[in-house]
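What follows is each chain in one-letter form.
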Amino acid sequence: MKIGTIINLPKVSDPRGNLTVAEQLKDVPFDVKRAYWVYDVPSGESRGGHSHKQCREFIVAVSGSFTVTLDNGSGQEKHLLNHPYQGLLVEENTWRTLEDFSSGAVCLVLASELFDEADYIYDYEDYRKYLKCLK
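Notes on the structure in this doc start here.

What follows deals with the sheet that holds strand 9 (residues 86-90). The five strands are arranged 1-9-6-11-4 in an open sheet whose pairing can be described as antiparallel. In this open sheet, the two strands that pair with only one neighbour each are strand 1 (5-8) and strand 4 (34-39). In this sheet, adjacent strand axes meet at a mean angle of 25° when their direction is disregarded. With six bridges connecting them, strand 6 (residues 57-63) and strand 11 (residues 106-111) associate as antiparallel partners. Within the sheet, the bridge partner assigned to Phe58 lies in strand 11 and is Leu110.

In structure tokens form, the structure reads like this:
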């Protein structure tokens, strides 16, 4: 069973520089309520390490590369993101960790929900218990 889905975004090739667009409910399969980006991640550091109860995310490496590990409680997938015209769709209730950031990498995240601390699960064992309650 696939955990994450890579979505190819429209890429307009132009000798002056390429352009990629992501439209909500067309390329990104949800209303975008929040956007944030992660950058200047020191070598060897990771980001994420949590799950969301309600929030869906669309993750794009707009510059450089990094690896996203997704875990749904019964399996894991690793996705190398290194093309600014591709995004990784991460559904709610999926544990995610971002690591192996290249120098100069920029990670853009489009989120389906506004920030809400109560939506986060930061402890992996608590995440596993939460999944059992959903069944």
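Our focus in this paragraph is unusual backbone geometry. Positive phi, close to 55°, is recorded for Asp40, a residue that is not glycine. Positive phi, normally seen in glycine, also occurs at Asp100, with a value near 55°. Summarising the element assignment, Asp100 is placed in the loop between strand 10 (95-99) and strand 11.

So, about the state of the cysteines. Taken as a whole and judged by the stated rule, the model has zero disulfides. A disulfide-free cysteine, Cys55 has its sulfur positioned 13 Å from the sulfur of Cys107, the nearest such atom.

The next point concerns a positive patch on the surface. Side chains of Arg128, Lys129, Lys132 and Lys135 sit close together on the surface and give a patch of like positive charge. Turning to its location among the elements, Lys135 is positioned in the segment after helix 1 (124-134).

So, on to the nonpolar core. Within the largest apolar cluster, 16 residues are counted, with the highest numbers of intra-cluster contacts made by Ile59, Phe66, Val68, Leu81, Leu98, Phe101 and Cys107. Those elements that place two or more of their residues in this core are strand 6, strand 7 (66-71), strand 9 and strand 11. Per-element tally for this core: the top contributor is strand 7, with three residues. For Ile59, the residues in contact, after removing those within four places along its chain, are Phe66, Leu81, Gln86, Gly87, Leu88, Val90, Leu98, Cys107, Leu108 and Val109. Among the nonpolar cores identified, the runner-up in size contains eight residues, and Ile7, Val28, Phe30 and Leu89 belong to it.

Cut-offs applied
Residues numbered from 1 in each chain as written. Predicted model: local features only at pLDDT ≥ 70, side-chain atom pairs only at ≥ 80, totals over all residues. Heavy atoms only, no water. Pairing = 2+ DSSP bridges. Helix = DSSP H or I, 4+ residues; strand = E, 2+ residues; numbered from the N terminus. Axes fitted to C-alpha atoms, helices over the stretch in contact; angles between N-to-C directions. Disulfide = S-S within 2.5 Å. Patch = residues over 30% accessible without salt bridge, like charges linked within 9 Å, V, L, I, M, F, W, Y side chains within 5 Å. Areas by Shrake-Rupley, 256 points an atom, 1.4 Å probe, with all protein chains shown as cover. Salt bridge = Lys/Arg side-chain N within 4 Å of Asp/Glu carboxyl O. Lys, Arg positive; Asp, Glu negative; His and termini not counted. Charge placed at Lys NZ, Arg CZ, Asp CG, Glu CD. Core = buried A, V, L, I, M, F, W, Y, C linked by side-chain atoms within 4.5 Å. Buried < 20%, exposed > 50% of the residue type's maximum accessible area, 1.4 Å probe, protein only. Contact = heavy atoms within 4.5 Å.

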